[in-house]
Structures are given as structure tokens and as C-alpha cells.
Amino acid sequence: MKIRKLAGIDIGSNGVRLLISNVLEEEGESPIFAKSSLVRVPIRLGADVFTDGEISAENQQRLCDAMQAYHLLMKINKVEQFRACATSAMREAKNGQTIVKKIAQKTGITIDIIDGAEEASIIATTDLHKVIKPNKNYIYIDVGGGSTEFTIYSNGKTIASKSFPIGTVRLLNDMVNAKTWKDVENWIKLYTDNLKEIEAVGSGGNINRIFKDSGRKKGNPLTLKYMKDYLKYVSSYSYDERVRELELNPDRADVITYATRIYINAMKWSRAKHILVPRVGLSDGIVRKIYTSLQKK
């Protein structure tokens, strides 16, 4: 058996993640992707960009420091290849490209700023295919800090995919208007009204935490009722109580209710009564994409 080390860096609007994966190769068998380590730092880039239009000097330095740390961690772990992708906050930052150049010079890490379509495409390469059955209908909901990506699957095929500027950090800063919500509602209904028995599939740090709190075993879906009850339950606690009593990370405690509302609304508008949580994300997809490209060489 051969073990390869690959890594994906996800530079989001609410946090920055490094996933180092072991890829286990054995002749005649499909490769196995096993998490070696996952490091997340709470650099809320979206708080700068969505209010001021650019990333502050302080968060530029924090991001640069994080990339230097990640570079060392990958070196220590003997990572063969990696890719760093930035999403909504860096897409919209006026100084995004300047920061990319500075980080490349200081750390040797080149950051790719990707659009919503590529983000959805990368995530689709993950274990999502194990969840999405060829004879069923699904709405995939990936909630981030700056945007939410929606993809409609029917009979194993992608019907439609779109990114909307509705994310937890934007909602926290009251930067999502009624028209944007209506645009999401109309889009979801347009592509799901003729589909029967649709199920939701959720990804993102918040839905992963919600699923963990549910105590359900992997593969068991959450119901729409559970999501509504969870929102009511968490909303009954203050921010401080969520951190102290519910043991939520500080940068999760203030946004988890907003994320839950996005999932609930998407489920209602698509008529989905259950949501599956495969616990995959952009960094998982980056690793898969890297491995596929290496196999073609």
C-alpha cells in the first residue's frame, strides 16, 4: 500500500482551514481519503470586506501569519502537493489581488480566488456522490460566511447551480436585503417545483455542528422539525451563554442561528423534509481534485 499526503486550504469569509489528508492507494482498489489533520483559524475576513470593501491591515497580517504556519505544517507532514482557494470575501475585496501577491512573496503559497461555480464544482468531487442516489432528487446547500451555493440534482444529474450573496457574516452585519432573499426563494422554487420527494444535503461548519449536537449517527438525516427546534433552542441563549454553556466557538456562537435560518428556508422553499449532512467541504474537494490531476500525469 502507498500513502500520499495532500492538502487543501479553504480561505473563507468566517474562517481559514487547512486539511491534510492521507490518500491510501492499493492496487486494484479505489483510493481511500483519510483525514490526517484539520486546522482552523477564525480570521473573519468577511467582517472587513462586507462593511468596508477591503481587508484590514490587521487581518492581512493574520492571514499571512496563518499561511506561514500552514506552510510549515505541510512541510513537517511532508505534503506532496496542495492548493489554496479563497471564496466570497477575497472575491469581493478591493485589495484581494494585492494580498494574494504579498502572501505568495512572503510564504510561497499561491492563493486562487475562485468563483461560486468553481466552488460548487470542487465540493461536488467529494463523498457527496455516496449520498446522492441516481434515482432521487436533492437540493445541495453549502452555507458560508459570505455566500451560499445551491445545486439541484435530479436522477444523478446536475440540473442547476447558483451562488447567492447570502452568508452568515453578511446576515450578522445586516447586509442582506429582502430582495436577495426573494431571489433565492424564486430560484429554488423554479428548479424544484416539478421535482417530487426532494431531500436536502447540507455542508458547512454550522450544519456540521448542528448534526453533532443532534447525537445522530452518520448517515441519518435531520428533519425540518429538528432544524426549527434547534433554532428556537439556540436562540433562547445569549451569545455569552452559547459560548459558555453550549460550548460553541466564539466565531460560531454569533452566526449559527443565521446559518440555521438559511437551511430552514431552503428546505421550506424546496419542500424538503429531511437534510443529510455528509460533513464534507471545500478543502475535501480540493484534495480530491489534486489527486485526480496527479492521476492524469
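Residues numbered from 1 in each chain as written. Predicted model: local features only at pLDDT ≥ 70, side-chain atom pairs only at ≥ 80, totals over all residues. Heavy atoms only, no water.

K.L.:
Even after reading the chapter, I still don't get helix H4 (residues 96-107), so can you show me in this structure?
P.N.:
The periodicity of an α-helix, 3.6 residues per turn, causes residues three or four places apart in sequence to face the same way. In a regular helix each residue adds 1.5 Å, so twelve residues correspond to 16 Å; H4 covers 16 Å between its end C-alpha atoms and thus fits that length. Buried residues of H4: Gly96, Ile99, Val100, Ile103 and Thr107, and no others. Take H4 and look down its axis: the buried residues cluster within an arc of 105 degrees, on one side only. Within H4, the exposed residues directed more than 90 degrees away from the buried face are Gln97, Thr98, Lys101 and Gln105. The inward-facing, buried residues of H4 contact helix H2 (57-76), helix H3 (88-92) and strand S5 (111-113). (Helix = DSSP H or I, 4+ residues; strand = E, 2+ residues; numbered from the N terminus. Expected span 1.5 Å × (residues − 1). Buried < 20%, exposed > 50% of the residue type's maximum accessible area, 1.4 Å probe, protein only. Arc of directions from axis to C-beta. Contact = heavy atoms within 4.5 Å.)

K.L.:
Looking at this structure, I do not really get the sheet that holds strand S6 (residues 137-143). What am I missing?
P.N.:
Within the open sheet, the six strands sit side by side as S8-S7-S6-S9-S11-S10. Their pairing is mixed. Two strands lie at the open edges of the sheet, namely strand S8 (157-164) and strand S10 (222-223), each paired on one side alone. Sheet topology note: the S6/strand S9 (residues 198-203) ladder contains six bridges and is parallel. In the sheet register, Ile139 faces S9, and the bridge partner there is Ala200. Contacting S6, strand S7 (148-154), S8 and S9, helix H8 (residues 178-192) runs over the sheet at an angle of about 175 degrees to S8. (Pairing = 2+ DSSP bridges. Axes fitted to C-alpha atoms, helices over the stretch in contact; angles between N-to-C directions.)

K.L.:
Can you help me understand the packing of aromatic side chains in this one?
P.N.:
For any two aromatic rings, the description comes down to two numbers: the centre-to-centre distance and the angle of the planes. A complete count under the given rule lists eight aromatic pairs for this structure. Summarising the aromatic geometry, the rings of Phe150 and Phe164 are spaced 5.9 Å apart at their centres and angled 70 degrees between planes, so their arrangement reads as edge-to-face. On the criterion of sequence distance, the pair formed by Phe150 in strand S7 and Phe164 in strand S8 is long-range, its members being 14 residues apart. Centre to centre, the rings of Tyr226 and Tyr230 are 6.1 Å apart; their planes meet at 35 degrees, and the pair counts as tilted. Taken together, the positions of Tyr226 and Tyr230, both in helix H10 (residues 224-235) and four residues apart, correspond to about one turn of that helix. The same class applies to Tyr226 as to Tyr230, namely buried. Among the aromatic residues, ring-to-ring pairing joins Phe150, Phe164, Trp187 and Tyr191 into one connected group. (Phe/Tyr/Trp six-rings, centres within 6.5 Å; stacked < 30°, edge-to-face > 60°.)

K.L.:
Please explain helix H1 (residues 45-52) as it appears in this structure.
P.N.:
All buried positions along H1 are accounted for by Leu45, Gly46, Asp48, Val49 and Phe50. Gly53 sits one or two positions beyond H1 and adopts a positive phi of about 85 degrees.

K.L.:
What is the right way to read the environment of Ser36 from this model?
P.N.:
With respect to the helices and strands, Ser36 occurs in strand S3 (residues 32-41). Between the C-alpha atom of Ser36 and that of Lys5, which follows or precedes it by 31 residues, the distance is 8.6 Å. Filtering out sequence-adjacent residues up to four positions away, Ser36 remains in contact with Lys5, Ile20, Ser21, Asn22 and Asn77. Reaching out from Ser36, the side chain makes a polar contact with the side chain of Lys5 at a distance of 3.3 Å. (Polar contact = N/O pair within 3.5 Å; in protein donor to acceptor, adjacent residues only side chain to side chain.)

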